[in-house]
Structure formats: C-alpha cells, structure tokens
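Chain by chain, the residues run as shown.
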Amino acid sequence: MIKAILIDDEKNALEMMEWLLRTYCPQVTIAAMCNNAEAGIEAIYRYKPQVVFLDIEMPRMNGFSMLEQFDKLFFDVVFCTAYDHFAIKAFRYSAVNYLLKPVDPDDLKQTIQRIEEKSSVPTKEQFQLLLQQIKQPVKTTPQRIALTTGDGLTFVPISEIIYCEAESNYTSVVLAGGKKILVSKTLRDIDEALSGDDFYRVHSSYLINLNRIKKFVRIDGGHLIMDNDATIHISRSRKQEFMEMFSRF
C-alpha cells in the first residue's frame, strides 16, 4: 500500500481527490487530509507518507514554501495545479509529478504507477529548476532539463542535446561529445517538453535540436546531417513544414 497525505485549502478539491484515489487507486491509503500547509507539515512528520498530493496556491504558505521547510524530502510529491500550458512545461522540464485540475482519472492512475515503479524522491535541484521556470517569462527556454533514467535523474544543458531518438517506450537522448542517455519516457513526452523554437519533430522517431543541424541534403527524399555527423531522415509529412522553417536560416 502507498500511504498518502492530501493538502489543499479548497474543501471540494480535497474531497474530490479523496474520491478519485479511493475509486481508481485502491493501492493508495489516505493517512490525512489537510486544508493548509502548516497542518500538512505536521501530518507529514507524524505519518511519514510515501507521497503528498499538494496544492500550489494556498494562503499564508504556498506549496513551494511548504516544501522549503524540509531540510531533505523523504516523500514523493504530486503537485495539483490549474497552471496554464507554459507553466506545465516547467513541470516537464524538471521531471516533477503534477496533475492538472480538474484531475483526470487516467492521469491519476498513471501518476500512481510511476510512483510505484521508482524508489527515489524528488531532489531540491528539481524544485529549484521548477521554480526558476515558473518565475521566468512563460516562453523562456530553460538552460537545463531533468531527464528521468532507470536509476534516477540526470540534469543536462538543453544546448548540449543534438537529437532524441525513440526506442519503443524509451528515448535515447544524444548529447554533444558522444554521450547517450536512455530516458524512461516516450519521445512524445520529450517532444511535449522540448518542442518550441529550438526543437522540432522531423520524424516519428526523431526530435532534433535545430541549432545542431550541420547540413541539409536534398537527395533520397531529404535528410539532415547533425553536427555530430549523425544522419536524420525527414518524414514526408513533415518535410514541407520543415523546409519552411529551415528557410529562415
């Protein structure tokens, strides 16, 4: 069983999360439900939960400030938030669990599954990366991203990523210097976090850093040579859009 604590200043939100967990996640037992951060801190020390479902916007002390009260986290955290699309990307960059209100049952079940499959808890470095992104202008690209691997997290500079390649339910992230990191996320997950001005999905199997293109070759349907000399093919469905984008260079 997974012991959980729910912290939210809205009574309806607490009751809805309780119902969702009891209905869709019977492996979760709720140790306490708290309507403010102070009560949440007391309950965490008392019950030692495996996971805390935490609202961000609360009076007196918000979710981030509450977590800063702990010298070291000994529990997983799932932020429950109504933030917009750009702030959600910040959660993906930092690899921190979140649920978008109103909470979707399937999203909740997938989140619980991820918690069951991993043994590590979030680091303060992850939360620092998350806070940095949320406080910055919404379209600012971060300097680093947290990549979820089989044994933990690897923080890498965004600019060092040359391309990402799908490998079934995993993704290989290829970095400058020849290093390759196998990430326990699908390419779609990585695409949702990285896609924007600097990254583009040229193929169902490839997401590339546009700043790392060395050459475009027109023959054989068109392909790219990246600055590590890797060859990346462009799918027919993406070629026209890519060429329009590529013409800006």
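Reading the values: the criteria
- Residues numbered from 1 in each chain as written.
- Predicted model: local features only at pLDDT ≥ 70, side-chain atom pairs only at ≥ 80, totals over all residues.
- Heavy atoms only, no water.
- Core = buried A, V, L, I, M, F, W, Y, C linked by side-chain atoms within 4.5 Å.
- Buried < 20%, exposed > 50% of the residue type's maximum accessible area, 1.4 Å probe, protein only.
- Helix = DSSP H or I, 4+ residues; strand = E, 2+ residues; numbered from the N terminus.
- Contact = heavy atoms within 4.5 Å.
- Pairing = 2+ DSSP bridges.
- Axes fitted to C-alpha atoms, helices over the stretch in contact; angles between N-to-C directions.
- Arc of directions from axis to C-beta.

Any chance you could explain the nonpolar core here in plain terms?
Taken as a class, soluble globular proteins show a tendency for nonpolar side chains to be buried jointly. Counting 29 residues, the largest nonpolar core has Ile7, Leu54, Met66, Leu67 and Phe79 as the members making the most contacts within it. Those elements giving two or more residues to this core turn out to be β1 (2-7), β2 (28-34), α2 (37-47), β3 (51-55), α3 (63-67), β4 (76-81), α4 (85-94) and α6 (124-135). When near neighbours in sequence (up to four residues on either side) are disregarded, Met66 contacts Ile7, Ala37, Ile41, Ile44, Leu54 and Met61.

How should the sheet that holds strand β10 (residues 180-183) be read in this particular structure?
Strands pair in a sheet through their backbones, by hydrogen bonds, and they do so in one of two ways: parallel or antiparallel. Read across the open sheet, the five strands follow the order β10-β9-β8-β12-β11; overall the sheet is antiparallel. Each edge of the open sheet carries a strand with a single partner, namely β10 and β11 (199-203). Each adjacent strand pair in this sheet contributes to an overall mean axis angle of 20°, direction not counted. Relative to β10, strand β9 (residues 170-175) is paired through four bridges, and the arrangement is antiparallel. Along β10, the bridge assignment pairs Ser172 with Leu182.

Help me understand the sheet that holds β4 in this model?
Strand order in the open sheet formed by five strands is β2-β1-β3-β4-β5, with parallel pairing between adjacent strands. Of all strands in the sheet, those with a lone pairing partner are β2 and β5 (97-100), marking the two edges. Mean inter-strand twist for the sheet, computed between neighbouring axes without regard to direction, equals 25°. Relative to β4, β3 runs parallel, the two sharing five bridges. By the bridge assignment for β4, Val52 is matched with Val77.

Would you explain helix α7 (residues 187-194) in this entry?
Since one α-helical turn is 3.6 residues long, residues separated by three or four positions face the same way. All of the buried residues in α7 are Leu187, Ile190, Asp191, Ala193 and Leu194. Buried residues of α7, seen end-on, are gathered within an arc of 165° and therefore sit on one face of the element.

Read these as spatial facts, not as claims about activity.
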